[in-house]
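This is what each chain is made of:
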Protein chains: 2
Amino acid sequence: MQKEKKLGRGVAIVGAGMSRFGMFPDKDSKDLFAEAYQEMVASIDKGFDPKDIEAIWIGNFSNDFFIHQAHWGPIISDLLGLAPRPATRTEGACASSTLAFRDATMAIASGLYDVVLVGGVEEMSKRTTEEVTEGLALATFPYEGRAGFTFPGVFGALATAYFAKYGAGREHLMNITIKSHENAPLNPKAQFNKTIADLMAAKKAKAEREGKPVPDWRDEKEALWDPKFNPPVAWPMHLFDCCPISDGASCMLLVAEDIARSFTDEPVYVAGIGQGSGRGLHAAPSLTSFEANKHAAAEAYGMSGYKPQDIQFAEVHDCFSIAELIHIEDLGFFEAGEGYKAVAEGATRREGSMPINTSGGLKCKGHPVGATGVAQLYEVWKQLRGEAGERQIPGRELHVGAAQNLGGTGGTCTFTILERR
Amino acid sequence: MQKEKKLGRGVAIVGAGMSRFGMFPDKDSKDLFAEAYQEMVASIDKGFDPKDIEAIWIGNFSNDFFIHQAHWGPIISDLLGLAPRPATRTEGACASSTLAFRDATMAIASGLYDVVLVGGVEEMSKRTTEEVTEGLALATFPYEGRAGFTFPGVFGALATAYFAKYGAGREHLMNITIKSHENAPLNPKAQFNKTIADLMAAKKAKAEREGKPVPDWRDEKEALWDPKFNPPVAWPMHLFDCCPISDGASCMLLVAEDIARSFTDEPVYVAGIGQGSGRGLHAAPSLTSFEANKHAAAEAYGMSGYKPQDIQFAEVHDCFSIAELIHIEDLGFFEAGEGYKAVAEGATRREGSMPINTSGGLKCKGHPVGATGVAQLYEVWKQLRGEAGERQIPGRELHVGAAQNLGGTGGTCTFTILERR
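Here's what I pulled together on the structure shown here. (Residues numbered from 1 in each chain as written. Chains lettered and ligands numbered in written order. Predicted model: local features only at pLDDT ≥ 70, side-chain atom pairs only at ≥ 80, totals over all residues.)

So, the relation of the copies chain B and chain A
One copy of the chain maps onto the second through a rotation around an axis plus a translation along that axis.
So, point 1. Of the transformation superimposing chain B on chain A, the axial component is 0.0 Å and the angular component is 180°, with the fit at an RMSD of 0.0 Å. One copy is carried onto the other by what is essentially a two-fold rotation axis. Judged by C-alpha distance, Ser 110 of chain B is the residue of chain B that lies nearest the rotation axis, at 1.9 Å.
So, point 2. Here 100% of the contact residues of chain B are again contact residues in chain A; the copies associate through an equivalent surface. (Least-squares fit on C-alpha atoms with pLDDT ≥ 70 in both. Contact = placed C-beta atoms within 7 Å.)

Some remarks on the pairing of strand S8 (residues 268-277) of chain B
For a regular strand, side-chain orientation follows a simple rule: the groups alternate between the two sheet faces.
All names here are of chain B.
So, point 1. Of all ten residues in S8, nine are buried; the element is thus mostly enclosed.
So, point 2. Bridging between strand S1 (residues 11-18) and S8 involves two bridges; their strand directions are antiparallel. Its bridge partner lying in S8, Ile 13 is registered against Val 268.
So, point 3. Direction of pairing for S8 relative to strand S11 (residues 412-419): antiparallel, over a ladder of eight bridges. Following the sheet pairing, Tyr 269 is matched in S11 by Glu 419. (Buried ≥ 20, exposed ≤ 12 C-beta atoms within 10 Å, placed from the backbone. Helix = DSSP H or I, 4+ residues; strand = E, 2+ residues; numbered from the N terminus. Pairing = 2+ DSSP bridges.)

Remarks on the interface of chain B and chain A
So, point 1. Counting from both sides, the interface comprises 56 residues of chain B and, opposite them, 56 residues of chain A.
So, point 2. Secondary-structure elements contributing two or more residues to the side of chain B that touches chain A are helix H2 (63-67), helix H3 (72-79), strand S3 (87-91), helix H4 (96-109), S8 and helix H11 (291-304) of chain B.
So, point 3. Across the side of chain B that touches chain A, the residue classes break down as 21 nonpolar, 23 polar and twelve charged.
So, point 4. With three bridges connecting them, strand S3 (residues 87-91) of chain A and S3 of chain B associate as antiparallel partners. (Nonpolar A, V, L, I, M, F, W, Y, C, P; charged D, E, K, R; others polar.)

Observations concerning the packing of H4 of chain B against helix H15 (residues 369-384) of chain B
Residue and element names in this part refer to chain B.
So, point 1. H15 packs onto H4 with a crossing angle of 55° between their chain directions and a minimal axis gap of 5 Å. It follows from the interaxial angle that H4 and H15 lie oblique. For the pair formed by H4 and H15, the contact residues are Ser 96, Ser 97, Thr 98 and Phe 101 on the first element and Val 369, Gly 370, Ala 371, Thr 372, Gly 373, Val 374 and Leu 377 on the second.
So, point 2. Of the residues in the contact of H4 with H15, the class split is five nonpolar, six polar and no charged. (Axes fitted to C-alpha atoms, helices over the stretch in contact; angles between N-to-C directions. Parallel < 35°, antiparallel > 145°, perpendicular 65-115°, else oblique.)

Regarding the pairing of strand S1 (residues 11-18) of chain A
Residue and element names in this part refer to chain A.
So, point 1. Across the eight residues of S1, eight count as buried, placing the element largely inside the fold.
So, point 2. Where S1 lies against strand S7 (residues 247-256), seven bridges are found, and the strand directions are antiparallel. Its bridge partner lying in S7, Val 11 is registered against Ala 256.

Regarding unusual backbone geometry
So, point 1. In this structure, Pro 84 of chain A follows Ala 83 of chain A across a cis peptide bond, with omega equal to 10°.
So, point 2. Structurally, Pro 84 of chain A is set in the loop between helix H3 (72-79) and S3.
So, point 3. Omega for the peptide link from Trp 235 of chain B to Pro 236 of chain B comes to 0°, which places this bond in the cis form.
So, point 4. Within the secondary structure, Pro 236 of chain B is located in the loop between strand S5 (232-234) and strand S6 (237-238).
So, point 5. Even without being glycine, Ala 93 of chain A reaches a positive phi, approximately 55°.
So, point 6. The residue Ala 93 of chain A is located in the loop between S3 and helix H4 (96-109) in this model.
So, point 7. Positive phi outside glycine occurs at His 71 of chain B, with the angle close to 60°.
So, point 8. Among the secondary structure elements, His 71 of chain B is positioned in the loop between H2 and H3.
So, point 9. With 30 C-beta atoms counted inside 10 Å, the residue His 71 of chain B sits in the buried group.

Points about the packing of helix H1 (residues 29-43) of chain A against H3 of chain A
Residues and elements named next belong to chain A.
So, point 1. It is the contact of H1 with H3, at a shortest axis distance of 11 Å, that shows an interaxial angle of 60°. When the axis of H1 is compared with that of H3, the two are oblique. When you trace H1 past H3, the crossing you get is right-handed. Only Ile 75, Ile 76 and Leu 79 of H3 make contact with H1, whose side of the interface consists of Lys 30, Phe 33 and Ala 34.
So, point 2. Counted by class, the contact of H1 with H3 contains five nonpolar, no polar and one charged residues. (Left-handed = near helix turned anticlockwise from the far one by under 90°.)

Here you go:
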């Protein structure tokens with residue numbers, strides 16, 4: 001649809017950090033951002049002077065709603081001692097910080113700046129679950145959330161459509177959940193650090209201790225079918241299909257390509273950035289695909305010259321398990337209607353042919369919405385540099401990875417391709 | 001402080017529109033944006049196909065708070081039939097839409113897009129005055145609004161500091177109010193369309209009709225000193241020092257410089273864009289200047305090559321009368337401490353040497369906060385093209401105009417210089 005677009009000059013990531021994700025009653029957004037920033041600074045192996053940062057872009061969905069504070073640009077700039085440098089907040093629901101990343105990339109490509117800080121933050125856990133549901137619904141289209149169609153219901157509807165069209169079922173979504181729970185314990189930043197098997201064992205031990213009937217689940221799926229272990233939220237979405245409420249922050253240092261190696265010997269380059277908009281479910285051409293994904297993917301593939309089969313691994317926006325299936329098909333990693341079969345065969349596991357969400361995904365790493373986009377890119381950065389520790393993708397040299405970020409009910413999608421050279 | 005920066009390629013404005021500003025119980029944000037968009041489309045004299053728009057940036061402060069709806073990018077993209085094109089919301093308090101303008105400018109300069117829609121919207125009047133005060137306080141620094149230091153108080157403090165430092169008084173602020181009320185009736189989009197003299201006459205007529213004592217004000221200032229005509233809000237800020245609560249929208253079509261003349265024979269070019277951040281009043285180096293202004297001005301002057309004396313007229317962010325004084329000094333139009341004297345001599349009137357806020361300013365045109373930045377640029381566009389009608393600056397050929405936009409208590413400032421060629 002769109003013409004092939006190139007940036008006027010290249011952009012590289014030379015540092016990255018993220019806070020621990022989780023529910024932190026004793027930390028605020030500034031604490032969390034400082035935690036991410038400190039890791040980022042430490043990651044810049046040749047060192048840098050923070051005063052070289054010329055501008056800031058920061059994604060935040062709605063701390064307006066969650067903690068009654070907007071205008072995060074200058075708060076972050078002040079926090080880091082970077083005033084009077086310009087600081088801009090972007091908002092695209094759960095894709096807010098990828099919008100910051102994209103705007104910062106274009107700012108460097110435009111020639112205006114050489115060194116830009118980009119990040120995201122969200123502080124959600126000080127609200128009740130009901131309030132968070134209400135707050136997140138601000139990101140739906142007006143004819144969705146206000147009519148009672150909040151996120152679990154929306155993704156339940158998408159799953160139902162996918163099941164009906166392709167013959168998949170809840171057991172296929174469970175494969176995604178099980179995989180995320182296997183990756184997360186290997187990620188020290190993740191909100192959850194137990195596998196499904198760990199959680200089953202804990203439930204059994206508790207029942208034994210309390211002299212109650214001990215569940216006799218033979219495997220993970222049997223537990224996930226048990227509504228006592230995995231209660232329904234909005235059919236077919238059950239508890240283990242849904243990401244948690246989280247606090248967290250993430251950030252990166254972007255620089256012009258030609259100066260990247262003065263910061264680190266291991267820069268990661270921006271190969272393609274793409275973004276698209278959707279129209280809400282009532283007008284969507286399909287309930288098993290996001291039109292915004294297709295546009296974002298076409299932009300990013302066009303810019304990078306890469307094709308889906310060139311992408312070696314990806315983080316995708318699994319706010320709900322069904323979303324992961326839709327994304328890996330929309331992005332061309334698998335044919336439409338084939339994703340759930342590939343997942344069942346293990347293709348998306350760390351050792352599979354196309355590892356997806358090695359971080360644990362939003363499901364297990366956590367989803368502080370404004371921080372998520374840059375945190376996905378942090379995982380791609382870690383994997384590309386071979387620094388992902390125990391969760392490093394085994395047995396292959398990594399050159400090209402990607403992250404897909406979703407905002408709202410498909411209102412905003414981004415797709416970002418990073419590469420080593 | 002910062003290096004001189006240039007954009008990789010030039011950017012031009014080829015169309016502009018704004019809704020009427022005011023309090024519209026029967027219009028929502030989409031209605032208002034559509035109104036602005038229709039005027040913009042009509043202004044593109046050689047015509048264009050909306051499908052040529054490749055991306056959108058839209059400024060909105062906190063419709064999250066005001067009408068419980070965030071994620072305005074895809075809503076606007078859907079409204080205009082532009083999905084799946086990418087749409088990004090920027091937020092920088094009352095400077096939100098200038099941030100959109102700056103990001104869109106860099107997007108074109110980066111080479112990524114050739115044709116970009118930029119705009120802003122805010123829908124405030126469905127909340128009570130108390131609620132709007134609370135909502136706007138989301139834009140202060142956490143250690144201001146939450147401590148009770150809301151906007152009228154903040155600007156009252158700045159005015160007090162200015163008075164103490166330079167020997168000015170309320171009578172000098174009144175000159176600004178009187179001038180704004182003289183310009184606004186010439187602007188068909190303005191929220192208020194009466195001069196102070198009109199309002200005095202109306203009050204006198206009403207008193208006469210009702211058989212009450214008729215005020216014997218001899219001139220505008222005598223009326224503005226009368227607390228019955230002009231009650232205090234936060235000393236020395238009185239009612240007529242403060243902008244109103246407004247709904248409205250604004251938008252512009254930006255294109256790459258080399259294709260501008262295929263849209264219009266009268267493009268207006270982006271000569272300089274600048275942005276800066278402040279640290280809140282407790283840490284500000286001065287209470288009679290915004291450090292964010294100085295940074296924004298240095299960036300924009302540096303990029304454009306223009307000096308303050310080259311700017312022929314400007315719109316500045318007069319959310320309160322004192323702000324106009326501070327800005328015209330910060331931007332170098334007048335020496336620090338000299339602005340109030342120049343205003344008293346009529347320098348900032350339409351026929352003066354440096355016309356300021358020919359639109360009527362925020363005070364009289366209205367201030368739907370997310371729409372304000374691009375609406376300021378709309379006025380500069382109108383003046384530069386000689387299309388400002390009755391309020392056209394008389395007696396001179398205009399080539400260079402500028403707009404200054406403020407967010408929060410100085411947290412964000414932008415300065416944008418436009419030119420004819």
